[in-house]
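Analysis of the macromolecular model
Read off the chains here:
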Amino acid sequence: MRHAADFVSARPNCSTGVSRLRIAADTNVLIDLADAVESVLDALAVIEQRLPDSEYFVTPSVLDELAYFCDLEQDLPITVSAKRAME
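Rules used in this analysis
Residues numbered from 1 in each chain as written. Predicted model: local features only at pLDDT ≥ 70, side-chain atom pairs only at ≥ 80, totals over all residues. Heavy atoms only, no water. Phe/Tyr/Trp six-rings, centres within 6.5 Å; stacked < 30°, edge-to-face > 60°. Lys NZ or Arg CZ within 6 Å of the ring centre and 35° of its normal. Buried < 20%, exposed > 50% of the residue type's maximum accessible area, 1.4 Å probe, protein only. Helix = DSSP H or I, 4+ residues; strand = E, 2+ residues; numbered from the N terminus. Pairing = 2+ DSSP bridges. Polar contact = N/O pair within 3.5 Å; in protein donor to acceptor, adjacent residues only side chain to side chain. Contact = heavy atoms within 4.5 Å. Axes fitted to C-alpha atoms, helices over the stretch in contact; angles between N-to-C directions. Parallel < 35°, antiparallel > 145°, perpendicular 65-115°, else oblique. Nonpolar A, V, L, I, M, F, W, Y, C, P; charged D, E, K, R; others polar.

1. Structural notes on the packing of aromatic side chains
Two numbers describe a pair of aromatic rings. These are the distance of the centres and the angle of the planes. Under the counting rule described, the total for this entry stands at one aromatic pair. Positioned over the ring face of Phe 57 is Arg 22, at 4.5 Å from the centre of the ring.

2. As for the pairing of strand E3 (residues 55–58)
Burial along E3 is two-sided: Glu 55 and Phe 57 facing one way and Tyr 56 and Val 58 facing the other are all buried. Bridging between strand E2 (residues 22–24) and E3 involves three bridges; their strand directions are parallel. Its bridge partner being in E3, Ile 23 is matched across the sheet by Tyr 56.

3. Points about the side chain of Ser 54
Checked against the element boundaries, Ser 54 lands in the loop between helix H2 (38–50) and E3. A residue is classified by how much of its surface remains accessible, and Ser 54, at 7% relative accessible area, is buried. At 2.8 Å, the side chain of Ser 54 and the backbone oxygen of Leu 51 are in polar contact. Leaving out residues up to four positions away in the same chain, Ser 54 has contacts with Arg 20, Leu 21 and Ile 23.

4. Digging into the packing of helix H1 (residues 27–34) against H2
Where H1 contacts H2, the axes come no closer than 8 Å and their chain directions differ by 110°. The pairing of H1 with H2 is recorded here as roughly perpendicular in orientation. In this structure, H1 contributes Val 29, Asp 32 and Leu 33 to the contact, and H2 contributes Val 40, Leu 41 and Leu 44. In terms of residue class, the contact of H1 with H2 is built from five nonpolar, no polar and one charged.

5. A few points about the packing of H1 against helix H3 (residues 60–70)
In the contact formed by H1 and H3, the axes pass within 9 Å of each other and the chain directions differ by 55°. Relative to H3, H1 is oriented oblique. The segment H1 lies against H3, with Thr 27, Leu 30 and Ile 31 engaging Val 62, Glu 65, Leu 66 and Phe 69. Of the residues that constitute the contact of H1 with H3, the class distribution is five nonpolar, one polar and one charged.

These figures capture arrangement, not role.
Okay, structure coming up:
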């Protein structure tokens, strides 16, 4: 099972080999992944099955959004989910 930590920050691909397909994860995907939402887990399983050599990444704006949610009131569900996604 994938975890939010499996997604890496966007960085240039400087390899000289064949480039892998890069798939960006949006904020809601990481939050749903942290919450183990079944439809997101199923979707990622299908992507992994059909595109096994792909690379997942998270853009800086998504990290900013997660950080914003982490700074909200401690008892909000979105705050708990965002903190779990950042782990």
